[in-house]
Structure formats: C-alpha cells, structure tokens
Amino acid sequence: MSASTSQPREANWRMEMQDPDSTMATVAHFVEQLHVNMSSPHERELITARLLGIAKARKDARKLIGSHTQAMPLFISILRSGTSMAKVNVAQTLSVLCKDEDLRLKVLLNGCIPPLLGLLKSGSVEARKAAAEAIYEVSSGGLSHDHVGMKIFIAEGVLPNLWDELNSKNEQDTAVEGFVTGALRNLCGDREGYWGATLEAGGVNIILGLLSSDSTAAQSNAAYLLARLLLTFDDATTKVIESGAVNVLLQLIGPDNHISVRASSAEALDALSSKSTKAKRSIVDADGIPVLIGAVVAPSKECMKGEFGQNLQSHSTQALANICGGMSALITYLGELSQSPRLTAPVGDIIGALAYTLMIYGANPGLLEGPFNATEIEDILVMLLKPRDNKLVQERLLESLASLYGNTYLCKSLNHSEAKKVLVGLITLGTTDVQEYFILSLTSLCCDKVGIWEAIGKREGVQLLISLLGLSSEQHQEYAVQFMSILADQVDESKWAITAAGGIPPLVQLLEIGSQKAKEHASHVLLNLSSHSEDIRACVESAGAVSSFLWLLKSAGPKGQESSSLALTKLVHTADSATINQLLVLLLGESPSSKVHIIKVLGHVLTKASKTDLVQKGALANKGLLSLVQALNASSEETQANAASVLADLFTIRQDICDFFSTDEIVHPCMKLLTSKTPGIATQSARALGALSRPTKAKPKDKMPYISEGDIKPLIKLANTFSIEAAETAIAALANLLADPQIALEALQEDVVSALTRVLGEGTVEGKKNASVALRQLLTHFPLGDVLVSNAQCRFIVLALVESLNAMDIDGVDAVDCLEVIALLARTKQGVNLTYPPYSALAEVPSSLEPLVKCLAEGPALVQDKAVEILSRLCGDQPVVLGDLIVARSKSIGALANIIMKSSSLEVRVGGTALLICALKEHKKKSMNALEESGYLKPLIFALVDMMRNSSCCCLEIEVRTPRGFMERTLFPEGDELEVPDPATVLGSTVALWLLSIISSFHDKNRLIVMEAGGVEVLSDKLGSYTSNSQVVSHSTSPEWKEAFTWAFDAPPKGQKLYIQCKSKNTFGKASLGRVTIQIDKVVSEGVYSGLFSLNHDGNKDGSSRTLEIEITWSNRISNESM
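These numbers were taken from a predicted model, which means no experiment stands behind them. (Residues numbered from 1 in each chain as written. Predicted model: local features only at pLDDT ≥ 70, side-chain atom pairs only at ≥ 80, totals over all residues. Heavy atoms only, no water.)

### Quick word on the overall build of the protein chain
Helix and strand counts for the protein chain stand at 64 helices and 4 strands. For the protein chain, with 1123 residues in total, the buried portion stands at 52%. Look at the contacts in the protein chain between residues 6 or more apart in sequence, and 68% of them connect residues 24 or more apart. Total accessible area on the protein chain is roughly 50,600 Å²; 51% of this is exposed by carbon and sulfur atoms. (Helix = DSSP H or I, 4+ residues; strand = E, 2+ residues; numbered from the N terminus. Buried < 20%, exposed > 50% of the residue type's maximum accessible area, 1.4 Å probe, protein only. Contact = heavy atoms within 4.5 Å. Areas by Shrake-Rupley, 256 points an atom, 1.4 Å probe, with all protein chains shown as cover.)

In structure tokens form, the structure reads like this:
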C-alpha cells in the first residue's frame, strides 16, 4: 500500500470514529474479523492495533469493546497463541480497558492473569513492558477491597512471579521495573501471607536494591513497599538499618528527586522511626533531622501541589515526631531549636516546620498526647517576632502564629486567641508602619497581660482600623472589620470610640461593596453598636444602614442574612411604608431563595405598626400580615415553621389585634399545619393558635366560633405524641381554648387529661402553669369524677401541682392559678370514680406540704388565703407535720395571725386559726415567742374574741379537723354526695375559743388581754345562749336525750362543773324541774361517768322527787383533750 493512498484512508477512518454508531459498527466488524479462523496472523496484528487505537481515542469505545461477548475470549486467546506484536497490542488494549473499574473486573474474571504472566517472561522488552503494564492496571483494585481478585492473584502465584521478574538476571527496562513494582504496590497488604511470599522470594533485598534504580516509578514503589514491610515485620528493621537504606532514603527525600520518590521515601522513614530507638538513632546519626525539616517546608518553598506534596510534609513531620517522642515534644524541640545559637537548619525552615506542626496538631483526636502548654511556644514566637526583621523569618513566624491561633485544640489554652489570630492577619498584609504598630499590639497582648482594648492602643487603634476599611485590600478589610467586631463584642468603650472616629459610614459602605466575609463582620459591628445605645442606633439609622441591611438580606449568604435580620430588628422602631414595601418585594420575589430572615424582620416591623394599619384592608401593614399567613402554605417547611413562629410572636405582642384576626382566614392555615409530621411546624402553629385564642375584654372567653368540631384533635395528638416542648406549646393553646364548654367537652373525649398529666410530670414551669390553667377550665365545666377517672391519676395531679409551686414565682398569678386548682380538688370528697378525697394525697406525702407552707409564709394575701384553705383540711390527718413545718418557717406564725385578723373570708380565718392551733400544740413556746415578736399577739386576741362574738353558730359542736366526707357544695353534686353546712359557720366560735384557751394558758398577761378584749362577756353570752337554747324531748314515759359537745383545755380541769338543767314546757312557759351538777375532772379521769342523779330544785313546790339518768363519755381525739 502506497503512502499516497494510506493517508486518505486514515483520514476517512478518523472521521468515521467521530460518529458513535460508526464506532460501534467498526468495533463489531473488527471483533468479527478476529473471530474468523481464516484471518492471517498479520491481519490479526493490524486488527488488534486498530482496536488499540480506538480504545485509546474514545472512552465510550472502551465500553463497546468490553461489552462485546466475543472480545474478551478472543483477546485471551491471542495472548496465549498470537504473534508477539498481536500479544503486545492486546496487552496494551487490556491496560486501557482496565482504567474503567467495571471493565477491569471483567478483564480479570476472563482469565487474563496466566497469559500475561507468560508474556512477562518474554525475551522481548516491548512484550514484557506491555504485560507488566497490563498486570499493573488489572491489579489497581488492590487486595483489601477486591476479595475476588485477591483469590485470583494468590491462586495464580502473581506475587512470586513478579518478584522473580525483578530478581531476573536479564537486563531490566526501567519501565518494566516501574510497572512491576507498581503492581506489587497495588497488591501490598497483610492478608493471605503476602509478606511471607515476599520474604521467600528475597523481596527485602530486591526492594533495597530498587531504591537505587534509575526508574523513578521503581524507586517510589520500592520506598512504599519498604514502608509497608517495616510496619508489618519488626524483624526487618535491623536488616534495613544495616543495609545503609537510611542514608539512601534521606538522599531520596532531597530536592533533586521526583516528588513521588520523595513522598514515598518520607513514608519509609516515618515507618522506620516508629519501630525502635535504634532506628531513631540511625536517622539522627545520619544527620536526618535537618533533612526532614527541609522536607517539611519543601512543598511551601518549592510551590508543590497535590497529594505527593501533602504526603511528603505529613510523613516527614511524623518521622520527626517519632524521633522526638511525640507531636508535643516535636513542637517544643522546634521552638527551642529556633532560639539556639547553633542551628542545624536555616531558622526559616525550622520555624516553617513548626508552623506546619502547629497546624496539624490534634488533627487526629485519637492521637492526642495529653495537655500541652501552648503558652511556651507562643512566648518564643512572639519574642522572635520583631518589626523590620528578615522578611522570610518574619513570614515563617507569622505562619507559625497563625497556625497556633487557628488550631482548635491549642488555642483553648490561650487568652484572646481569636483577636491574636486577626492581629497576625493584619500584620501579614499590612505595610511596614502598620506591621510595626500591630506587632507591638500583639506583643503587648501576649506578654504584658493586658486586654485587647489596651493592647490595640484604645482610640488610636480604632482610628487605624477604620482607616484600613477604605483603601486597603479586600482581605485586609476583612481582618480590620473582624477585629472591630471582636472589640465591639468585648469592650463597651470601643462602641463609642468607633462612632466618634467616624466608623459608622465606612461600615455601612462595606455592607454594600465589601466581600461576603466583610459584610458579615460589618453587620455584626453595626448590630452591636445599635444595641448599645439609642443615640448610636440613631446614628446608624441616619447613615442609611436600614436600606443597606435590606439589600444584604437579598444578596448575602446565610450568615450575612442572619446578622442583617438581627440588626434590622434593633434598628427599625417604626413601621414605615417604604420598609414594609421592600420587605414584601423580597418575600414575594424569587430572590433570595430562603425567606426565613425576611419573615423575621417583617414580623418585627409589623409589631411596630398601628392597629389601624394592621386591620385596615389594603394597608401595607395588613398586606404584610396576610403575606405571613400565606407563607404558612409555602412548599418549604423551614418557611412554614418560621412564618408560624413570627405570627405567634406578633399575636402575643399585639393582643389588641387578635380579636380582629380570630377568623377562619387566619386560624385555619394554623390548624392545617398542626397535622404536619415535622414537629417544629406543628409546634409553632400551636403557638400562633394559642396567641390568637387568648381571651380579651372584647372577646368572650367561653366562645371560640372559629374553632370547628374536630379542630382540636391535632392539638391533643401533638401534646400526647411529640416532644415535651411541643406538648407544652399545645397545652398553652388548649388552656385558652378550653374556656369554650363545647371545645372542653370534645377535648375531654379525646383524652386531653393524659396530655395534661404528661406536662405536669415532665414539663417546665411554664408548661405546668398552662396545664394547671387547662385543668381548672375542665373542672369548671365538669364534675371531678368526669375529668379524673382514677385515684392514681388524681393523686398524681395533686402532687404534681404542689411540686410545681417550688419553681413558680409565688408573687405572680401563676401560683394563684395553681393553688386555685389544688384548692378546688381539696374541697372535693370521694365520688363515683374516686374512693378517697383528692386532698388525701397530700396527707399521704407529708413532704408535699412544704411548698404550701412556703406560700403561706411568704406569698401575697391571695396566695396565703388559698394555701390556708388547702392546709386547714389536713389539720386532722397531719397535725404534727403541719405544726413542725409552720414553726420551721419563722414568718408563718405572723402570717397566720395576720390572716386571722384581716382575711375577708370567714372560712380562711377559721382555717388559719386551726393551723395556728397545730403549731401551738406541737411547739407552744416557739409559736408564742414568734407571735410576740411579730407584734400580732394582742390584735390577734382581739380578732379571736371578735370571731367568737360575730360567729353565727348556735352550737358548741365543733371539730378542729375537717370531718371526713366533708365537701363544699358545688354546682355539680355527685349522686352519693351530701350537702353539709359551710364549715366556717360551724367552726368559727369554737376554734377561736380553743385558740384563746391555749394562748391564755401560756401567760397571765394573755388572760388580761382576753378580758380587755371582752372575752369573758362574749363567752358568758355564748354559754347563756347555749343554756337558753334548750332541746325539746318528745313526750314519753322514759324520754331520752343525746348531746355531743367539745371542750378544749390543756390539762384536766380542776373544779370546773357541768350543769344540766331540765324544764317542763307548757303553754305559759317553762317551769324548772331541777338540775344536776357534774364534776368535769371526774369525767376526764374515769372516761365514762354514769349514774342516776336527783334533780335539785330550789323552788320545788310540789315536793316531788325526780331523777335523771346520765351517761357521759370522754373522747380524747387528734391529740386534743375534748369532750
């Protein structure tokens, strides 16, 4: 074929290869030609050459070749029996195909290894080169991740054959050496006896010999294999050292070698230095430390990039760390070495190596060696840093300081590390004068132990920083504004200094033209300034910052948008139309994609709008609010959650607009989001709903017309199934909604009580407060038995409510609401579902009484009244515990006395009297002393006498403790409940008398006060009233009369008598039949006193004798002596 005809054909073939369909047809045609038995060896050489050309030229053609069912078997057949040239072509084709991982596995599985190993033993250099490259490519999956390939390589004896090839006496081609060692590197591992086969084949000597090969690839691979060998076999260390490999490796990491060789050699030295003291000493003796230091800084000095440069640095550094005894020791060594008068390496290289070591220290937390004193290194570096010093040394020192302050682990032990890091940046980029100023600032901050304000030179430093915001480079601006941000965070004085030095206008300008980072820091500084003073805020606003921040909301990244939104919430104090309009444009426009921060700012601005603008249809503020409602339907869940949160805040702050917006248009989008599977969205929607449902003067608290049947089910589900935070939010909304009886009924049917119980048990103080309000709403509408369905549930709620008092402010309404519910429960006796009164839970857990006693001692009047109402019902069950707790709080006695004197509720006054009796009975002396110290003793006695005087009770029948079964009348009496009189009217005078008797018995002067208050007259009147209030006995031959009464005293009375008088009732009055006199002390001592007594009658005219049979039983109850 002539040259003139072959060139056009070649051109036509290349044009055809541009078409994929033509490529597929061509590949199929060539493969079919190989399949035909009649093709000659020469034709096969040409075809395989064409297929090789196609595979090299087109990546898609490789898949076409590999996917042909006949291609691989034909290639393997040619490798076995083809001509030398055809074998070379096929081997090279397989090398190209193996660059695709899927095709590599296909080549491997089709049995390419045996014929390639055979070809590797060929006498032809080209054949061996092609075979070696193919084996290298097909083994590129390694052993660790290719389990199938591993079995094949082991079964076919690839490793011994490769070592034999390297150990061959034939003259080796450098390319063959590179590919063979590369294949060994690919297959390097510790599985299936890899190194056993290596050692048997004399691999150690071969590796050491290859370190001096003329092939760069062979040297690199040999050094890598040596590193793996040393890490696997400790026994090889001595042989390697004795072979002189240390010197060779140190030479190979030098600048005259290829970067791949240097990196692998550094890895080998890393492995060697990790094995033994002898190995470390061998490197030191060979002057390896300066060489390794040079290798650490080489990538920086020689502008290396890529993986090899990184490996050279990291392995050289680790080798130095191994020699020194760890990274911490290496840092210390390099720091001390940099100060040494006898340097083993250039000081710039030493400090550069220190910079890299400081940068990577702690990169692997698992290798940290314990605490490290970074201050020592800082002191050394700062001491070496001098203005106008050698430029290279200064650069290396600044790199080291930047690494030190930028290291997450090391900077923790350094003061002001962030400020120092920024100062290093300012020094690095500054002019000579600026460098000199900030070097002195850094030195002062590190060595003089002053704050950043003093170190920067106060106002002078601020002025310099402001000057850098204008004409300096972008990065210099970033450092300057970042340092101003640090100052504004930490030093209040700097905020006025920045303002006075004219820093606000350039900061606002940075918001518009600065880099992304500069914008973020500038916005943070302006936020700090605006938050510090109203005057500074006005300056920032007058500089046009609002419009700049609005622009930043659109153009900045996430951090910039966040800082802008925070700044705008500080700056904007009025809801002007221009601001609202710009925010609406941003909210409804395509940019930015995230509307979160825009929504937050818009919500803040709307809180400043007038009510008229918010409710008037068509007004910009009204449009803004409705846009927030529309955002609840956004496709982004983040937007939905933030819109709901902002609406909740808006309606919470602006309760004056809630009545207007409590409509279906607003409420239903919130209700819809309650069913969201994302807890945050449902929770924020519940917040918004709770704010809208809060009762106001204009909105009846018991009517929620915008809530339809079934609407509250998601709220209750949220409270029962999501996190406790979500549950609390749902309960807060329900606490308002349950004022509506219909909603309350639906909630009760949906088991809202379980949600309330959960929040009372697990929630925060705020959550428990809302739960108690919700419970009170339910108990207002329904009987207790319908709300709390079991004793256990009732007991838990009572104790949980009392426990929540510990964390509440007893001076606020929260404590009153909680106590109201407890009092409501305490007034209730057992019912259909409850077998014992709810207040019994308090009696069973005495420790639960302590919060109530605290409310009694320290709370305001209303809280004290509720506490007395609850505690007084426990006087019979826990008199001792109550007495102890009351006396333990010094203010309790005085508080009780004040309540008895001033409370408008007779029941509370009686309860307070009963509680004071408990205290006096258990600790009379302490209690009386406390009464006297409070100054209330005398007015208390007068109040008790007055209580006796004004009491409407007509009988001395009285129990200090609340009788079992007592229940105050309610609007919803249960079937087995009995109406009983108000205890206050029954107990008043007798409890007062009882307390007066105890007080009088303590000291004579107290009796005089009782007499002064008219107590004797009142008691006489009461006795007279009692004796004059005769009981009529029905007419019979043996009439019977039963009477019970209480008589309180501290000791059995001496000389006191009981008179029983009988009268005969007729039309004209009552005639005395006589009386019987009983000695009280006999009744007390004997327990039962009975007999037939004659009626003594001074004026018995008919002389008849009458008798009266009397039986008196003495009962000593609740540690009181009473009859």
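The structure having been displayed, the exposition proceeds.
### Digging into the packing of aromatic side chains
Across all of its chains, the model carries 4 aromatic pairs by this definition. Between Phe-651 and Phe-661, the aromatic rings sit 6.2 Å apart at their centres with planes inclined by 45°, giving tilted as the arrangement. Here Phe-651, found in helix 41 (residues 637-653), pairs with Phe-661, found in helix 42 (residues 658-661); they are 10 residues apart in sequence, far enough to count as distant. For Phe-661, a relative accessible area of 3% puts it in the buried group. Pairwise contacts between aromatic rings join Phe-651, Phe-660 and Phe-661 into one cluster. The aromatic ring of Tyr-224 is capped on one face by Arg-185, whose charged end is 3.9 Å from the ring centroid. For Arg-228, the ring lying beneath its charged end belongs to Tyr-224, and the centroid distance is 4.9 Å. (Phe/Tyr/Trp six-rings, centres within 6.5 Å; stacked < 30°, edge-to-face > 60°. Lys NZ or Arg CZ within 6 Å of the ring centre and 35° of its normal.)

### Digging into unusual backbone geometry
In this structure, the amide linkage connecting Ser-591 to the following residue, Pro-592, adopts the cis form with an omega of 0°. Looking at where Pro-592 falls in the secondary structure, it is placed in the loop between helix 37 (577-588) and helix 38 (596-607). For Cys-303, which is not glycine, the phi torsion reads 55° and is therefore positive. On the secondary structure map, Cys-303 appears in the loop between helix 20 (288-301) and helix 21 (307-324). Looking at Cys-303, the relative accessible area reads 64%, which means it is exposed. Even without a glycine there, the phi angle at His-416 is positive, about 55°.

### Considering helix 48 (residues 752-762)
Counting buried positions over the 11 residues of helix 48 gives 8, a clear majority of the element. Among the residues of helix 48, Val-752, Val-753, Ala-755, Leu-756, Thr-757, Arg-758, Val-759 and Leu-760 are the ones counted as buried. Buried residues belonging to helix 48 abut helix 45 (713-721), helix 46 (724-737), helix 47 (741-749), helix 49 (765-781), helix 50 (784-787) and helix 51 (791-804).

### Looking at the nonpolar core
The biggest cluster of nonpolar side chains holds 338 residues, and the ones touching the most others in it are Phe-75, Leu-226, Leu-426, Phe-438, Leu-507, Phe-651 and Leu-778. When sequence neighbours within four positions are dropped, the list of residues in contact with Leu-507 reads Leu-469, Val-481, Met-484, Ile-498, Ala-522, Val-525, Leu-526 and Leu-529. If you look at the next biggest cluster of nonpolar residues, it comprises 14 residues, including Cys-1062, Val-1083, Val-1084 and Tyr-1089. (Core = buried A, V, L, I, M, F, W, Y, C linked by side-chain atoms within 4.5 Å.)

### Topic: the environment of Asn-161
Within the element layout of this structure, Asn-161 appears in helix 11 (residues 158-166). Remark: the alpha-carbon pair of Asn-161 and Lys-121, spanning 40 residues in sequence, is separated by 9.1 Å. Setting aside chain neighbours within four positions, we find Asn-161 in contact with Leu-117, Lys-121 and Glu-156.

### Side note on a nonpolar patch on the surface
Together, Leu-105, Leu-109 and Val-148 give the surface a local cluster of nonpolar side chains, amounting to about 260 Å² of exposed area. Examined against the element boundaries, Leu-109 turns out to sit in helix 7 (residues 101-109). We classify Leu-109 as exposed; its relative accessible area is 56%. (Patch = residues over 30% accessible without salt bridge, like charges linked within 9 Å, V, L, I, M, F, W, Y side chains within 5 Å. Salt bridge = Lys/Arg side-chain N within 4 Å of Asp/Glu carboxyl O.)

### Things to note about the packing of helix 21 against helix 22 (residues 327-339)
Relative orientation of the contacting elements helix 21 and helix 22 amounts to 90°, with a least axis distance of 8 Å. As the angle between them shows, helix 21 and helix 22 are arranged roughly perpendicular. In contact with Thr-317, Gln-318, Leu-320, Ala-321 and Cys-324 of helix 21, helix 22 contributes Met-327, Ala-329, Leu-330 and Tyr-333. (Axes fitted to C-alpha atoms, helices over the stretch in contact; angles between N-to-C directions. Parallel < 35°, antiparallel > 145°, perpendicular 65-115°, else oblique.)

### Description of the packing of helix 40 (residues 620-631) against helix 41
Running from amino to carboxyl end, helix 40 crosses helix 41 at an angle of 140°, the nearest separation of the two axes being 8 Å. In terms of axis orientation, helix 40 runs oblique to helix 41. Crossing of helix 40 against helix 41: the hand is left-handed. On helix 41, the residues touching Leu-625, Leu-628, Val-629 and Ala-631 of helix 40 are Thr-639, Gln-640, Ala-643, Val-646, Leu-647, Leu-650 and Phe-651. (Left-handed = near helix turned anticlockwise from the far one by under 90°.)

### Here's the deal with the confidence of the model for the protein chain
Here the protein chain shows a mean pLDDT of 81. Residues at 70 or above account for 84%. Every residue in residues 1-17 scores below 50 in pLDDT, and together they form 10 contacts with partners more than four places removed in sequence or on other chains. Of the regions scoring below 50 in pLDDT, residues 953-986 engages in 70 contacts with residues more than four places distant in sequence or in other chains. (pLDDT = per-residue confidence, 0-100.)

### Thoughts on the pattern of salt bridges
Taken as a whole, this structure holds 28 salt bridges when the rule is applied. With a closest N to O distance of 3.8 Å, Glu-395 and Lys-391 form a salt bridge. Of the two residues, Glu-395 and Lys-391 both sit in helix 25 (residues 391-406), 4 residues apart, roughly one turn of that helix. On the accessibility criterion, Lys-391 (59% relative accessible area) is exposed. Close ionic contact of Asp-492 with Lys-495 constitutes a salt bridge, the shortest N to O distance being 3.1 Å. With Asp-492 and Lys-495 both in helix 31 (residues 492-500) and 3 residues apart, the pair spans about one turn of that helix. For Asp-492, a relative accessible area of 46% corresponds to the partly exposed category.

### Examining the environment of Met-808
Note on placement: Met-808 falls in the loop between helix 51 and helix 52 (813-826). Take Met-808: its relative accessible area is 7%, and that puts it in the buried class. Sequence-distant contacts of Met-808, that is, excluding residues within four places in its chain, are made with Val-765, Lys-768, Lys-769, Asp-814, Ala-815 and Cys-818.

### Describing the environment of Gln-561
Relative to the assigned elements, Gln-561 resides in helix 36 (residues 558-571). Remark: the alpha-carbon pair of Gln-561 and Pro-592, spanning 31 residues in sequence, is separated by 9.7 Å. For Gln-561, the side chain forms a polar contact with the main-chain oxygen of Leu-553, separated by 2.9 Å. (Polar contact = N/O pair within 3.5 Å; in protein donor to acceptor, adjacent residues only side chain to side chain.)

### Digging into the state of the cysteines
Applying the stated criterion to the full structure yields 0 disulfides. Here Cys-446 stays free of any disulfide, with the sulfur of Cys-447 as its closest cysteine sulfur at 5.8 Å. (Disulfide = S-S within 2.5 Å.)

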